[in-house]
Amino acid sequence: MASHSSSPVPHPSSGGSEGIFQKDRDPSSRHYRPVHSLPDVCPKEPTGKELHRWTVYNSKVNLPAALNDPRLAKRESDFFTKSWGLDFAETEVMPSFYLPNITKEHFGPYLQETAQREKIHERCKNICPNKDELDAVSTAHIFCSGFQNEYLPNVWLKQIFMKPDFALDDPTTFNAVLPWSHFNSAGRKSSRDMASSRLLQEKLSHYLDVVEVSIARQISLRSEAFFHAMSSQHELQDRLTETARAVAVLRGRTAAIERIMCEGPLRALRQALTRSNCARLHNKLKLMAAVHQSQPTVQLLLSTSEFVGALELIATTKEVLQQELQGIHSFRHLGSQLCEMEKLIDKMMVEDFSMYSRSDLSRSLEDDGQVMEKDRLESLVFGLLRQRKLDFLDIYSDEMILAAKSIVTQSVVDSVSQIEEIDTDIVTKLADQMRLMTFPQWFELLKSVFENFILFLKRIKATLSVVRNVVLEALDSNQKSRLLERAAAAAGGLAEAPGTPLNQGEAELAYLTHEGLFISDALNDAQLNLGAGGGQEQSSTVGPRQALSRLDGCGSDSASGTTESSSSREHALQPGGAAAFCGGSWSSEDMMPSDLELGRVANNIQELLYTASDVSHDRCVKVLMARAKDGSLERLSSAEFVFLSQAVEGFVRDTEELCCRRSVSLRGALQSQANRFVHRFHEERKTKLSLLLDNERWKQAEVPAEFQDLVNSIADGRITLPERKPQGTEERKPSDYLHIDGQKYAVVGTVLLLIRIFLEYCQCVNDIPSISTDMLTRLSDLLKHFNSRSCQLVLGAGALQVVGLKTITTKNLALASRCLQLVVHYIPVIRAHFETKLTPKQYSVLRHFDHITKDYNDHIAEISAKLVSIMDSMFEKVLSKYEVKAPMPSACFRNVCKQMAKMHEALYELLPEEQAQMLFLRINASLKMHLKRQLARLGVHHDGGPQHGLVTVDVAFYTENVQSLRTLEKLDLNMAEIWEQKR
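Just so we're clear, the structure is a prediction, and the values are computed from it rather than from any experiment.

Participant: Help me understand the overall build of the protein chain, please; the structure alone is not making it clear to me.
Facilitator: Within the protein chain, the regular secondary structure consists of 33 helices and two strands. When the 983 residues of the protein chain are sorted by exposure, 37% land in the buried category. Counting contacts in the protein chain only where the partners sit at least 6 residues apart, residues at least 24 apart contribute 78% of the total. In the structure as shown, the protein chain presents an accessible area of about 59,600 Å², 55% of it carried by carbon and sulfur atoms.

This is the structure:
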């Protein structure tokens with residue numbers, strides 16, 4: 001080609017020895033083969049654009065860099081173990097259960113799938129070799145052929161003209177293409193510049209020739225494909241022409257179909273859609289009108305205290321605003337206004353319930369037991385439950401406590417007003433006024449308080465029964481609603497059946513616009529309107545239109561239709577009522593408390609009734625303690641305290657039957673007073689007994705006829721004090737003895753009074769069974785006191801100083817013994833009586849009577865021993881001077897027989913025959929002991945001698961005198977024991 005002549009010819013360099021041309025290069029052109037330096041492991045400070053570019057050096061954790069840090073002399077051997085423990089490096093890493101073991105078989109399906117495509121790819125590579133391979137082959141061919149100078153411009157072309165960012169406006173690129181450095185910068189043209197210019201032109205022409213040669217080579221290599229593509233293009237143009245013609249025919253036919261078959265039906269559908277949209281818009285407008293009227297309707301309902309209807313209307317309106325009218329600008333503040341109205345209704349309901357509770361509990365107790373304004377109470381309770389104001393029972397509890405206080409105050413005021421002796425201007429405190437009353441007056445006041453509290457509790461129970469019924473109705477409604485929901489869910493497609501009651505918007509509008517706001521009536525009317533419409537479109541418009549007309553005409557008449565709170569409450573509680581009509585998104589369960597909460601309220605109602613009982617008892621305790629403050633209750637007689645105890649027990653029993661609650665405060669206060677009463681009762685009688693014993697001269701007392709009657713009644717099983725007989729009855733003469741069970745008891749006056757005293761204890765136990773154990777303990781103490789004090793006065797000779805007796809005679813001792821025997825006789829009777837008043841768990845206290853019986857028997861034995869010791873000392877003194885000599889009987893035995901006669905005379909009328917015989921046998925044994933000792937000392941033996949005869953005469957005299965005494969005729973003296981037996 002002609003262009004080859006313009007290619008530069010290499011010239012030998014003047015300084016070169018090998019004859020190879022070396023072109024001087026501009027230093028700026030040395031960037032063609034830049035030298036890439038290795039990256040520095042130490043991060044450098046970023047500059048310019050690198051400031052915000054993230055690199056690997058920005059990472060916070062680089063484990064390889066940390067392990068291979070060149071700045072460390074050697075790697076740390078404990079890098080892992082020093083932080084995570086010695087077991088870290090030795091822990092074997094378990095293979096993951098989530099990563100399968102990959103083998104060559106896993107790639108089998110993929111290789112089979114791509115095998116065909118790989119064969120096609122290899123075939124194409126053989127037909128059309130890769131461009132890079134062709135360049136590599138041609139380059140190798142050029143170098144091998146010695147055309148190195150022709151390849152260098154080709155490489156230089158690729159490096160400059162084929163760069164992606166080739167642009168002549170870049171000074172570096174421009175200088176590389178047009179090296180102006182060869183030209184004179186002064187602007188003067190010289191022969192050298194002309195030569196450089198021609199050289200540059202020739203070089204560029206050479207570059208053009210190289211490009212043309214490359215293009216021709218490429219065309220020659222792909223000529224077959226090029227001509228095939230050209231021939232295929234003509235065929236493609238023919239097919240495109242046929243396709244364009246077919247498309248034009250199809251478009252014409254499609255336009256005809258659209259004109260004939262689509263435009264009319266689409267227009268009809270569009271008009272039907274427009275009509276449907278207009279109907280929906282109309283319904284929306286009517287719904288908006290109804291919502292707009294909700295606030296005046298709520299105000300009207302509140303004016304009639306119809307809180308339930310107002311709350312239902314507010315809830316439904318809020319639901320409509322959220323679902324149907326959301327985003328309407330004119331109603332943007334209505335939701336917050338309804339919320340404020342709902343809060344206001346909450347306050348009004350709480351205040352109204354408080355007023356109702358106050359008026360109900362404060363009205364006169366003489367009124368009938370019917371619940372005051374039952375419908376109003378049911379409406380209030382249901383409204384409070386619906387708003388989850390579950391603490392309304394606390395309000396009733398507070399009012400109940402205040403009413404209980406006022407009942408006591410009013411009762412005291414009424415009682416004091418009838419007593420002229422009490423000046424209320426001077427004595428202002430109620431407690432002081434009660435203490436100024438006599439016991440009958442105060443007792444009448446207490447009974448009046450008890451009666452008032454019984455009426456008070458009956459009223460509270462009736463009111464709480466109404467509240468409990470409302471709570472149970474709500475609980476039953478919740479359960480029925482859940483059952484219906486489960487049945488509806490199981491039925492499946494019942495909502496899509498032809499008899500579907502109402503859709504969401506119609507039900508809401510029917511409820512909002514119904515005249516009386518009775519939920520079931522509103523839905524029934526809307527359902528009838530739907531059935532009369534005859535079509536879906538007509539049914540969606542007739543009901544709301546009629547409802548809207550009702551709303552327009554309701555006016556003040558709606559108030560009369562909303563006063564029946566019980567009816568609206570019942571309908572609202574029904575599972576199919578308006579509480580569940582809002583498309584399933586709102587139901588009564590969402591507003592009403594849960595079953596657990598309702599159950600807790602029901603339990604609180606029962607607890608409130610218990611609290612009422614406790615409060616009533618506490619107020620009665622206040623009345624009781626106000627009277628007992630000065631100890632007046634302790635000074636009551638047993639009969640008066642019995643009246644008080646019976647009244648309290650009757651009140652406690654009535655409250656237990658009424659409230660099913662065993663309150664302990666009043667019974668505990670009565671028990672406390674009973675303990676004080678028992679203490680005073682016991683101390684008075686113990687003091688009285690002590691005074692009687694200190695003044696007792698231990699002489700036999702006459703027994704009045706009334707005491708004999710008292711003893712006889714005890715023998716008949718009546719352990720009570722006999723009633724006082726009128727004074728007009730005949731007076732009977734007293735007896736010398738107390739006849740009990742065929743025995744005669746010679747007693748002192750103190751013992752007679754002691755019998756009456758322990759009968760008083762038994763009578764008190766009969767009247768007040770709750771103090772049985774305490775009274776038993778006190779009676780045991782009284783019996784012990786009588787035993788110990790009588791022992792001090794008689795055996796201990798305390799009566800010599802206390803009463804002034806000269807000596808304690810055998811008659812005194814026998815009389816004391818007989819009195820103790822009388823008490824021992826009645827201890828089992830007392831024990832049996834107390835045993836009937838005690839529970840089996842309290843039988844252990846009866847052991848006191850066993851101890852007392854033992855102490856009394858020991859005391860009786862000591863008195864008997866004292867009598868024997870008196871005679872024993874006399875025998876020792878007399879028989880120590882006994883001498884066996886005439887005359888017989890001796891003076892010693894005459895003295896002994898005289899003393900025995902005196903002893904028998906003192907004891908004969910006091911002791912029974914058996915005890916007298918036993919006592920004289922013991923005395924005779926003492927005589928035989930002393931006589932035997934004296935005979936042994938005198939050396940008199942049973943040998944038939946003169947001295948033995950004299951002793952026999954004295955013994956016969958003694959035996960004859962003793963057996964001549966009454967009740968001692970058959971007494972076996974066995975005087976042969978005075979002689980020592982010969983061994």
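Participant: I'm lost on a nonpolar patch on the surface in this one. Help?
Facilitator: A surface patch of nonpolar side chains, about 450 Å² in accessible area, is lined by I102, F107, Y110 and L111. Counting through the fold element by element, F107 comes out in the loop between α2 (81-84) and α3 (108-127).

Participant: Would you mind going over helix α31 (residues 891-908) with me for this structure?
Facilitator: Residue pairs three or four apart in sequence face the same way in an α-helix, which turns once every 3.6 residues. Counted at 1.5 Å a residue, the expected span for α31 with its 18 residues is 26 Å, and the 25 Å between its end C-alpha atoms agrees. Those residues of α31 lying buried are C892, F893, V896, C897, M900, M903, H904, A906 and L907. Buried positions along α31 lie against α29 (810-837), α30 (847-879), α32 (913-938) and α33 (946-963).

Participant: Could you clarify how one ought to interpret the confidence of the model for the protein chain in this entry?
Facilitator: For residues with low pLDDT, the predicted coordinates do not support detailed interpretation. Chain-level statistics for the protein chain give a pLDDT mean of 76 and a share of 74% at 70 or above. Note on residues 508-523: pLDDT is under 50 here. Beyond four places in sequence and across chains, it has 62 contacts. Scored below 50 in pLDDT, residues 530-589 shows 116 contacts in the model against residues more than four places distant or in partner chains.

Participant: How do you make sense of the packing of α30 against α31 when you look at a structure like this?
Facilitator: Relative to each other, α30 and α31 sit at 165 degrees, their axes nearing to 10 Å. When the axes of α30 and α31 are compared, the pair comes out roughly antiparallel. Relative to α31, the crossing made by α30 is right-handed. Counted together, L867, M871, M874, F875, V878 and L879 of α30 and C892, N895, V896, Q899, M900, M903 and L907 of α31 form the full contact between these two elements. Looking at side-chain class alone, the contact of α30 with α31 contains eleven nonpolar, two polar and no charged residues.

Participant: Is there a simple way to think about the environment of R756 in this case?
Facilitator: As for its placement among the helices and strands, R756 is situated in helix α26 (residues 749-767). Residue classification places R756 among the partly exposed residues on the basis of a relative accessible area of 31%. Separated by 45 residues in the primary sequence, R756 and V711 have C-alpha atoms spaced 9.4 Å apart. For R756, the residues in contact, after removing those within four places along its chain, are F707, L710 and L721.

Participant: Could you clarify how one ought to interpret the pattern of salt bridges in this entry?
Facilitator: It is possible for side chains bearing opposite charge to pair when their charged atoms get close. In this structure the tally under the stated criterion is 22 salt bridges. The partner of D360 in a salt bridge is R363, with the nearest N and O atoms 3.1 Å apart. Residues D360 and R363 agree in their burial class; the two are buried. In this structure, D774 engages R778 in a salt bridge whose closest nitrogen and oxygen atoms are separated by 3.2 Å. Taken together, the residues span about one helical turn, with D774 and R778 both in helix α27 (residues 772-795) at a distance of four residues.

Participant: Teacher, can you tell me more about the packing of aromatic side chains here?
Facilitator: For any pair of aromatic rings, the description consists of the separation of the ring centres together with the inter-plane angle of the planes. All told, the structure shown has 13 aromatic pairs when counted by the stated rule. Ring centres of F758 and Y826 lie 5.9 Å apart, and the angle between their planes is 50 degrees; on these two criteria the pair is classed as tilted. Of this pair, F758 sits in helix α26 while Y826 sits in helix α29, placing them 68 residues apart in sequence. A relative accessible area of 4% means that F758 is categorised as buried. For Y826, a relative accessible area of 3% corresponds to the buried category. Taking the centre distance of 6.3 Å and the plane angle of 45 degrees together, the rings of F834 and F849 count as tilted.

Participant: Explanation requested: a negative patch on the surface in the structure shown.
Facilitator: A surface patch of like charges, here negative, comprises E702, D736, E905 and E909. When you line up the elements, E909 lands in the loop between α31 and α32. Among the residues examined, E909 registers a relative accessible area of 47% and is labelled partly exposed.

Participant: Looking at this structure, how should I read the packing of helix α25 (residues 705-715) against α26?
Facilitator: Each packed pair of helices is defined by two parameters, the angle between the axes and the distance between the axes. Running from amino to carboxyl end, α25 crosses α26 at an angle of 45 degrees, the nearest separation of the two axes being 11 Å. Comparing their axes, α26 and α25 come out oblique. Classified by chirality, the crossing of α26 by α25 is left-handed. Packed against α25, whose contacting residues are F707, L710 and I714, the element α26 presents L752, L753, I755, R756 and L759 at the interface.

Participant: Which parts of the structure should I look at to understand the state of the cysteines?
Facilitator: Disulfide: a covalent bond formed between the sulfur atoms of two cysteine residues. By the definition in use, this model includes zero disulfides. A disulfide-free cysteine, C892 has its sulfur positioned 9.6 Å from the sulfur of C897, the nearest such atom. For C892, a relative accessible area of 11% puts it in the buried group.

Participant: Would you mind going over the side chain of T959 with me for this structure?
Facilitator: Take T959: it is sitting in helix α33. Beyond its immediate sequence surroundings of up to four residues, T959 is in contact with L973 and M975.

Participant: Help me understand the nonpolar core, please; the structure alone is not making it clear to me.
Facilitator: When a protein is soluble and globular, its nonpolar side chains tend to lie buried together. In terms of nonpolar packing, the biggest core is built from 195 residues, with W442, F456, L644, F834 and Y958 touching the most fellow members. If one sorts the elements of this core by residue count, helix α15 (residues 439-491) sits on top with 19 residues. Filtering out sequence-adjacent residues up to four positions away, L644 remains in contact with W442, F443, L446, L624, L633 and L636.

Participant: Which parts of the structure should I look at to understand the environment of L168?
Facilitator: With respect to the element layout, L168 can be found in the loop between α5 (148-160) and α6 (171-177). Under the relative-accessibility criterion, L168 is labelled partly exposed at 45%. Counting along the chain gives ten residues from L168 to L178, while the straight-line C-alpha distance between them is 9.7 Å. Apart from the residues lying within four places of it in its own chain, the contact partners of L168 are F174 and V177.

Participant: What's the story with the environment of R937 in this structure? I'm lost.
Facilitator: By the element assignment, R937 lies in helix α32. Taking the relative accessible area as the measure of exposure, R937 reaches 52% and is therefore exposed. Expressed as a C-alpha distance, the spacing of R937 and S880, which sit 57 residues apart in the sequence, is 9.7 Å.

Participant: In this structure, what is going on with unusual backbone geometry? I would like to understand it.
Facilitator: Glycine aside, the phi torsion of most residues is negative, and most peptide linkages are trans. With an omega of 0 degrees, the peptide bond running from A886 to P887 counts as cis. Looking at the secondary structure, you find P887 in the loop between α30 and α31. Across the junction of M888 and P889, the peptide omega takes the value -10 degrees, indicating a cis bond. Inspection of the secondary structure puts P889 in the loop between α30 and α31. Not every positive phi belongs to a glycine, and W698 is a case in point at roughly 60 degrees. Exposure remark for W698: the relative accessible area of 2% places this residue in the buried category.

Conventions we followed
- Residues numbered from 1 in each chain as written.
- Predicted model: local features only at pLDDT ≥ 70, side-chain atom pairs only at ≥ 80, totals over all residues.
- Heavy atoms only, no water.
- Helix = DSSP H or I, 4+ residues; strand = E, 2+ residues; numbered from the N terminus.
- Buried < 20%, exposed > 50% of the residue type's maximum accessible area, 1.4 Å probe, protein only.
- Contact = heavy atoms within 4.5 Å.
- Areas by Shrake-Rupley, 256 points an atom, 1.4 Å probe, with all protein chains shown as cover.
- Patch = residues over 30% accessible without salt bridge, like charges linked within 9 Å, V, L, I, M, F, W, Y side chains within 5 Å.
- Salt bridge = Lys/Arg side-chain N within 4 Å of Asp/Glu carboxyl O.
- Expected span 1.5 Å × (residues − 1).
- pLDDT = per-residue confidence, 0-100.
- Axes fitted to C-alpha atoms, helices over the stretch in contact; angles between N-to-C directions.
- Parallel < 35°, antiparallel > 145°, perpendicular 65-115°, else oblique.
- Left-handed = near helix turned anticlockwise from the far one by under 90°.
- Nonpolar A, V, L, I, M, F, W, Y, C, P; charged D, E, K, R; others polar.
- Phe/Tyr/Trp six-rings, centres within 6.5 Å; stacked < 30°, edge-to-face > 60°.
- Lys, Arg positive; Asp, Glu negative; His and termini not counted.
- Charge placed at Lys NZ, Arg CZ, Asp CG, Glu CD.
- Disulfide = S-S within 2.5 Å.
- Core = buried A, V, L, I, M, F, W, Y, C linked by side-chain atoms within 4.5 Å.

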